[in-house]
Protein chains: 6
Amino acid sequence: MLLHLSTWQEIETYLQTSKGIILPIGSTEQHGPTGLIGTDAICAEAIARGVGESIQAIVAPTINVGMALHHTAFPGTISLRPSTMIQVVRDYVTCLAKAGFTKFYFINGHGGNIATLKAAFSEIYAHLEDLHIPNAQKVQCQVANWFMCNSVYKLAKELYGDQEGSHATPSEVALTQYVYPEVIKQAPLSPEVASGHRIYSAADFRSHYSDGRMGSNPALATPEHGQQFYELAVKELSNGYLEFLNQD
Amino acid sequence: MLLHLSTWQEIETYLQTSKGIILPIGSTEQHGPTGLIGTDAICAEAIARGVGESIQAIVAPTINVGMALHHTAFPGTISLRPSTMIQVVRDYVTCLAKAGFTKFYFINGHGGNIATLKAAFSEIYAHLEDLHIPNAQKVQCQVANWFMCNSVYKLAKELYGDQEGSHATPSEVALTQYVYPEVIKQAPLSPEVASGHRIYSAADFRSHYSDGRMGSNPALATPEHGQQFYELAVKELSNGYLEFLNQD
Amino acid sequence: MLLHLSTWQEIETYLQTSKGIILPIGSTEQHGPTGLIGTDAICAEAIARGVGESIQAIVAPTINVGMALHHTAFPGTISLRPSTMIQVVRDYVTCLAKAGFTKFYFINGHGGNIATLKAAFSEIYAHLEDLHIPNAQKVQCQVANWFMCNSVYKLAKELYGDQEGSHATPSEVALTQYVYPEVIKQAPLSPEVASGHRIYSAADFRSHYSDGRMGSNPALATPEHGQQFYELAVKELSNGYLEFLNQD
Amino acid sequence: MLLHLSTWQEIETYLQTSKGIILPIGSTEQHGPTGLIGTDAICAEAIARGVGESIQAIVAPTINVGMALHHTAFPGTISLRPSTMIQVVRDYVTCLAKAGFTKFYFINGHGGNIATLKAAFSEIYAHLEDLHIPNAQKVQCQVANWFMCNSVYKLAKELYGDQEGSHATPSEVALTQYVYPEVIKQAPLSPEVASGHRIYSAADFRSHYSDGRMGSNPALATPEHGQQFYELAVKELSNGYLEFLNQD
Amino acid sequence: MLLHLSTWQEIETYLQTSKGIILPIGSTEQHGPTGLIGTDAICAEAIARGVGESIQAIVAPTINVGMALHHTAFPGTISLRPSTMIQVVRDYVTCLAKAGFTKFYFINGHGGNIATLKAAFSEIYAHLEDLHIPNAQKVQCQVANWFMCNSVYKLAKELYGDQEGSHATPSEVALTQYVYPEVIKQAPLSPEVASGHRIYSAADFRSHYSDGRMGSNPALATPEHGQQFYELAVKELSNGYLEFLNQD
Amino acid sequence: MLLHLSTWQEIETYLQTSKGIILPIGSTEQHGPTGLIGTDAICAEAIARGVGESIQAIVAPTINVGMALHHTAFPGTISLRPSTMIQVVRDYVTCLAKAGFTKFYFINGHGGNIATLKAAFSEIYAHLEDLHIPNAQKVQCQVANWFMCNSVYKLAKELYGDQEGSHATPSEVALTQYVYPEVIKQAPLSPEVASGHRIYSAADFRSHYSDGRMGSNPALATPEHGQQFYELAVKELSNGYLEFLNQD
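Because the structure is predicted, anything quoted here is derived from the model rather than measured. (Residues numbered from 1 in each chain as written. Chains lettered and ligands numbered in written order. Predicted model: local features only at pLDDT ≥ 70, side-chain atom pairs only at ≥ 80, totals over all residues. Heavy atoms only, no water.)

Q: Got a minute to help me understand the overall build of chain A in this structure?
A: Tallying secondary structure elements over chain A gives eight helices and four strands in all. Computed over the C-alpha atoms, the radius of gyration of chain A is 18 Å, within 12% of the 18 Å expected from 2.2 N^0.38 for a compact globule of 248 residues. The 248 residues of chain A split such that 67% are buried. Nonlocal contacts in chain A, meaning residues at least 24 apart in sequence, comprise 77% of its contacts between residues at least 6 apart. If you sum the accessible surface of chain A, you get close to 8,400 Å²; carbon and sulfur atoms cover 50% of it. Here chain A holds 15 positive side-chain charges and 23 negative ones, and the gap between their average locations is 4 Å. (Helix = DSSP H or I, 4+ residues; strand = E, 2+ residues; numbered from the N terminus. Rg over C-alpha atoms; globule rule 2.2 N^0.38 Å. Buried < 20%, exposed > 50% of the residue type's maximum accessible area, 1.4 Å probe, protein only. Contact = heavy atoms within 4.5 Å. Areas by Shrake-Rupley, 256 points an atom, 1.4 Å probe, with all protein chains shown as cover. Lys, Arg positive; Asp, Glu negative; His and termini not counted. Charge placed at Lys NZ, Arg CZ, Asp CG, Glu CD.)

Pasting the structure below:
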């Protein structure tokens, strides 16, 4: 059930039986020579919708742009500053909490979002208590990173070993190939690829990771792998969502 | 050409021949008993992609959530506060302007976004000059509202007369029916519908517009109408974009 | 009745019979070689006071500085950023709403203020509901632009035709001449004057509008015209205010 | 020379011989049963204009609303929050500094503004250096409180002794009577008036100062006194401004 | 009693008999060739703890970094911007006020903090009322500057006369020598030292005060003097705190 | 070498051989019936100073108050909101980076700070590039959590097994006992202690963790253990700092 394809009366009805909502969040950032700029949003959205279908949960519109300041030295990247993103997430949750939602499950496609999301959650809980809205105390936010699912992680290791890397990975590229088989990109990939340098400024990032990849070999990706990752993630996160919903 | 389905190297190439980008912006808000909550984002995105295809312009990911505070008394609505939205639009444009873009064409699906977008543009020009980025002086932002295209307006008047109304209109509902024929909604619509009351607070809005419509009869909408609106808007805004691109 | 020339006890008494207040808002910005930098504030203030007298409404102190970032390449211009102006208007309305005012009628002298004012109004309604102040739901803000009054527009067309232009117009200059006949300025005006270029950054503005005028010929202005504009605007906005006050 | 009654070309000319500007700042707040709500703005404006005339300095439009949160339990008071006021003053000074002004002399009518003004000045210096504007290092802001002029203070002591008090004082009321002899207010003033309680919240203020006065007897004020205060303040602050202008 | 060396249950018990808390606030800024960068925090902390012991009041952790933007041209200085510091102080007081504290006594070691602290207090009172927390109206904040104690001032005059100066003073250096006798610094001090120039930007400050001192001769300081200052300040501020606590 | 016990000239000298600085950051929050409210700041400060001594690195004043909103339902807790903390950390790093520091090593005593610190780092890198300060690209921030040192973790497991828990742990209590043996607290600890519930709002936290502990048995702590933890952490983080300093 997709929020944007529902009417407000359908949401009113939904709230009679569930207070939970799934919010896909991605990023719009370079993913190396063959990765799509929308990779993180595409993956998060596809999986979130899969989860939503499998367990009849409502899925909010995807937050397409996240915290990717370290990628902004590559053209096409768009990023919120963390302080902006905190306000954005606060506005989303505040509106929905006033309407009665209390369980916010963010299915996330981008490691760079995690810190800011967690900071936002802390800010939000305090803000909602300050607003004195009913049920403020019951509001719970959780971030679920599809790429950190045990089953996903295990498969990626099996298929790619060290060539999985940590950005523009074959696993995420594979998932986008499964979702968009018509836009599989081809580009020469140097066999050597940097890895191991931590993330600091955008200029520093580009000076160390010249084509945007971090230790990955996305040439290993196939749409069939993508389907496997998709199915594993949907299954694991569906369970994760249900657990989240059922905890007090 | 869609930004999220491109690689950063494709964007680098694109920038050699064009500095323009199209940014669809919608809203996530109630649209009456039969209108989709995502109506404004769906329309803006579909038209923006149509424009992008017709004139080989790049299209950014859709800003799904806009300024809809006055609709927040209906469940399912999500809104940014204007001050948040200014920061969001500032972050988008700043990232892209640093990469070399100078012409920002926002294809907008929601009247409630216009004021905040214009305020954001003013804030952005000054901000970019303060940053001393090259070409700051050349950056230009424009908002193009598909529902205010002459051709669209004229057709809506022809088809619906006064029943077009001003929110949850048959024209926008028709366009979503064209895009998503599989989710056409049916719900009883009271023949009487309020109109003419200005927009103030969310509570005030709901007290005057009890089912969310403003003077409209979306039951008149058909997917065929939607296709007509789509084609008119794509044509008119394609021309609008090219004019914008070509002005100094 | 002017707020700044009243005592707090007089305001307390006033609130027993009316919840309405008029807030003049202008700008401090270049108005071409012969227009006063305070033109927009002077016009808004004069008309607001005229309206206040004619219908016994209270008039707040004039907001002299508005959103004029696009004029800041000309010396003497002072502008708030839109995000600052939203906070300013929020602070004004919040103080007055806590005291019991619910109807805020902004008489505006500057087109550049409109978008930010409207954005501010949306932010304010939500803010007041979050504060849980009594009557939050009844608070209504409206912007009334004197230069867009039908009667004013018609007279300007009659007197000046296309030479009215859109900035440093003869109509607004005339009005300042009526208010301050002792400071009518003389300066050479080139017969050619640019027009039609949209407003973007301050540097861009000045590069297109080298003396600050936009398509106008303020040499046509006379104090007598100014008086006519004043009287028309006062009459039309007095009616506008009363309608606003009386609507639910 | 008044900024709002000048043209931008006159300001351009002025800047060739002086980089100084006078900014009157007041407040819009209760001043007891007989004091005008605009007292602080009226006094600051009148004196600033007097100073401007006596030494050919330019005077900016008056900042009518300042930091008066502690008076907001009395109707008619309007206040900026300190964090808003810092942004406002920053915007004013930034615009003018970019145009070439470097000496900002705030003639202040309200004790409650002092702390926030000084905080703003610190914030501004750092901000201007961050912007890398020419002459950032030369920018100097000063607050000059007319009511703290030695000559003013001495006369107030002579005329009123302890009945000068510290808010809604006879000296400031006298000055407004001199400026606006037509709006001298009459109201019963209880002979007892509280004093000595420090300023905390708005509610606390009103609970201690029930009619708004702090230890003052404004019934002693006369327009003739007001003229004396005006002349002393203009003389002393004219000298103060010149010293400020001439220091390195 | 030190907050950071207490348990939450001890604080709960404390609140049954007192609603007061002492908050030391200093600065981290250059203090000339022989003054410690932490001088202002060291003095405030030592005195605050002395006061806390003498009257059984709880002392919060020291705010080590304050508003010292004007010293930032000297390495080692760290400063908050005033707008940041307002938020910091707001967060401190809000947390503690929600827990039941109502009397906030800031023992301050740095003149540059005073304006921003006072601005913060005003912002806080309004904020707490907006939050509708119980006792919001009773919350009172006060800044007590140890270096402005009458007894301290008098002793400094006696011991140092004009060589006390106004920054990197012998009195504050003496106090740090008393607290940290093991880190007394020796460095050549030019006999001439600038004084009398007001404080503006950081670059301007350093250009006038080349070694960081303002008219002072810290070579006169001794640890024995420091002890005297300490004892005087503790005594005077202990009385000040008790008065503050006992006033309504 | 402690920043607050240095002079600015000593810092100037230090910068000739090192661009690194250690910043201890803790929290002021409840730590169960026997844990000190300052536990996290005490641990971070002690270890940071140990590291600084062992490798001649400079140590900044401790940030005593961090992000502890979830503990604010217990009296004595003070927290910054994440958005405030981002500004604070930004101000610290900006001042020091302007002075020439490029390597910022935050020794952290509180898990709740991690997300906000990382968000702040991202914001800072972008901010410094916007300021065009020299070496902006070289600025690197890292958070090092003493309690997550391998050696610390291993010892805690050995000594306490599952009774280590995750808040008010015996390891951190032990460390404070080593630092402050004179304030070891005694209080009854219920043998049952909740664990496993995630962290959401402050009210939710207290409802699940009634005495503030999360699965821990701090009664196991001894000052001798504390010394062991201290020495392990100092050793491991000294190495960590040197690696950080030496990486490009």
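Q: Help me out: how do you make sense of a positive patch on the surface in this one?
A: A grouping of Lys118(A), Arg198(A), Lys118(F) and Arg198(F) is seen on the molecular surface, where their side chains present a positively charged patch. Relative to the assigned elements, Arg198(A) resides in the loop between helix H6 (170-179) and helix H7 (202-208). Overall, the relative accessible area of 46% leaves Arg198(A) in the partly exposed class. (Patch = residues over 30% accessible without salt bridge, like charges linked within 9 Å, V, L, I, M, F, W, Y side chains within 5 Å. Salt bridge = Lys/Arg side-chain N within 4 Å of Asp/Glu carboxyl O.)

Q: I keep staring at the interface of chain C and chain B and nothing clicks. Help me out?
A: Much of the literature gives interface size as the accessible area that the parts lose upon coming together. At the junction of the two partners, chain C supplies 33 residues and chain B supplies 33 residues. Both sides together, the interface formed by chain C and chain B hides about 2,500 Å², and carbon and sulfur atoms give 56% of it. In terms of surface lost to chain B, no three residues of chain C exceed Glu123(C), Gln137(C) and Tyr200(C), which account for 22% of the buried area on that side. At the surface where chain C touches chain B, the tally comes to six residue pairs in polar contact (both at pLDDT 80 or more). Elements that contribute at least two residues to the side of chain C that touches chain B include exactly helix H3 (82-99), helix H4 (114-131), strand S4 (140-145) and helix H7 (202-208) of chain C. With nine residues, the top contributor of residues to the side of chain C that touches chain B is H4(C). Of the residues that constitute the side of chain C that touches chain B, the class distribution is 15 nonpolar, eleven polar and seven charged. (Buried area = accessible area lost by both parts, 1.4 Å probe. Polar contact = N/O pair within 3.5 Å; in protein donor to acceptor, adjacent residues only side chain to side chain. Nonpolar A, V, L, I, M, F, W, Y, C, P; charged D, E, K, R; others polar.)

Q: Looking at this structure, how should I read the pairing of strand S1 (residues 20-25) of chain B?
A: Residues and elements named next belong to chain B. Within S1, six of the six residues are buried, which leaves it mostly tucked inside the rest of the structure. In S1, alternate side chains face the same way, and those of Gly20, Ile22 and Pro24 on one face and Ile21, Leu23 and Ile25 on the other are all buried. In this sheet, strand S2 (residues 58-59) lies alongside S1 in parallel orientation, the contact comprising two bridges. Looking across to S2, one finds that Ile22 is bridged to Val59. As for the winding sense of the linkage, the β-α-β connection from S1 through helix H2 (residues 39-55) to S2 is right-handed. (Pairing = 2+ DSSP bridges. Right-handed = clockwise from strand over helix to strand, strands pointing away.)

Q: So what exactly am I meant to see when it comes to the interface of chain A and chain B here?
A: Opposite the 49 residues of chain A that make contact, chain B presents 49 residues. Across the interface of chain A and chain B, roughly 4,000 Å² is buried in total on both sides, 64% from carbon and sulfur atoms. Considering only the surface of chain A that becomes buried against chain B, Leu5(A), Trp8(A) and Pro75(A) emerge as the three largest contributors, covering 18% of it. Glu10(A) is the salt-bridge partner of Lys185(B), the closest N and O atoms lying 2.9 Å from each other. Taken together, chain A and chain B are joined by 18 residue pairs in polar contact (both at pLDDT 80 or more).

Q: Teacher, can you tell me more about the confidence of the model for chain A here?
A: In low-pLDDT segments, the atomic positions of the prediction should not be examined closely. Confidence in the prediction of chain A, expressed as mean pLDDT, is 97, and 100% of residues score 70 or more. Among the scores for the predicted complex, ipTM is 0.98 and pTM is 0.98. (pLDDT = per-residue confidence, 0-100.)

Q: Is there a simple way to explain the relation of the copies chain C and chain B in this structure?
A: The operation relating the pair of chain copies consists of a rotation about an axis and a translation along that axis. Superposing chain C onto chain B requires a rotation of 180° together with a translation of 0.0 Å along the rotation axis, leaving an RMSD of 0.0 Å. The relationship between the two copies is best expressed as a two-fold rotation axis. Relative to the rotation axis, the C-alpha of Ala115(C) is the closest in chain C, positioned 2.1 Å from it. (Least-squares fit on C-alpha atoms with pLDDT ≥ 70 in both.)

Q: Help me understand the packing of aromatic side chains in this model?
A: A ring pair, where both rings are aromatic, is described by two values, the distance of the centres and the angle of the planes. If you walk through the whole model with that rule in mind, you get 66 aromatic pairs over all chains. Measuring from ring centre to ring centre gives 4.9 Å for Phe205(C) and Tyr209(C), while their planes differ by 45°; the resulting arrangement is tilted. For Phe205(C), a relative accessible area of 1% gives the class buried. Tyr209(C) gets classed as buried once you look at its relative accessible area, which sits at 2%. Site record: aromatic cluster; members linked through ring pairs are Trp8(A), Phe74(B), Phe205(B) and Tyr209(B). In this arrangement the basic side chain of Lys103(E) is found over the ring face of Phe244(E), its NZ or CZ atom lying 4.9 Å from the centre. (Phe/Tyr/Trp six-rings, centres within 6.5 Å; stacked < 30°, edge-to-face > 60°. Lys NZ or Arg CZ within 6 Å of the ring centre and 35° of its normal.)

Q: In this structure, what is going on with the sheet that holds strand S3 (residues 103-108) of chain B? I would like to understand it.
A: Strand pairing in a sheet relies on backbone hydrogen bonds. The paired strands run either parallel or antiparallel. All names here are of chain B. Within the open sheet, the four strands sit side by side as S2-S1-S3-S4. Their pairing is parallel. Unpaired on one side and paired on the other, S2 and strand S4 (140-145) mark the two borders of the sheet. In this structure, S1 lies alongside S3, joined through six bridges in parallel fashion. Paired with Ile25 across the two strands is Asn108, which belongs to S3. The strands touched by helix H3 (residues 82-99) within the sheet are S1, S3 and S4, with S3 carrying the most contacts at an inclination of about 140°. Where helix H8 (residues 223-246) meets the sheet, its contacts fall on S1, S3 and S4, and the angle it forms with S3 comes to roughly 160°. (Axes fitted to C-alpha atoms, helices over the stretch in contact; angles between N-to-C directions.)

Q: Sorry if this is basic, but what is going on with the sheet that holds strand S4 (residues 140-145) of chain F here?
A: Residues and elements named next belong to chain F. The four strands lie next to each other as S2-S1-S3-S4, forming an open sheet whose pairing is parallel. With partners counted over all chains shown, the strands left at the sheet margins are strand S2 (58-59) and S4, one partner each. Docked against the sheet, helix H2 (residues 39-55) engages strand S1 (20-25), S2 and strand S3 (103-108), running at close to 160° with respect to S1.

Q: Would you explain the environment of Val143(F) in this entry?
A: Residues and elements named next belong to chain F. Its place among the elements puts Val143 in strand S4. Looking at Val143, the relative accessible area reads 14%, which means it is buried. The spatial distance from the C-alpha of Val143 to the C-alpha of Leu23 is 9.3 Å, given a sequence separation of 120 residues. Residues contacting Val143, with those up to four places away along its chain left out, are Phe106, Asn108, Leu117, Lys118 and Phe121.

Q: How should I be thinking about H6(A) in this particular structure?
A: Because an α-helix completes one turn every 3.6 residues, residues spaced three or four positions apart along the sequence face the same direction. Counting buried positions along H6(A) yields eight of ten residues, so the element is predominantly enclosed. For H6(A), the secondary structure elements touched by its buried residues are helix H2 (39-55), helix H5 (150-160) and helix H8 (223-246) of chain A.

Q: Help me out: how do you make sense of unusual backbone geometry in this one?
A: Excluding glycine, residues mostly have negative phi values, and the peptide bonds linking residues are mostly trans. Positive phi, close to 55°, is recorded for Ala168(A), a residue that is not glycine. With respect to the element layout, Ala168(A) can be found in the loop between H5 and H6. Note on Ala168(A): relative accessible area 0%, which makes it buried. Within the chain, Gln56(B) stands out as a residue other than glycine whose phi angle is a positive 55°. Its location among the elements puts Gln56(B) in the loop between H2 and S2. Using a relative accessible area of 60% as the deciding quantity, one classes Gln56(B) as exposed.

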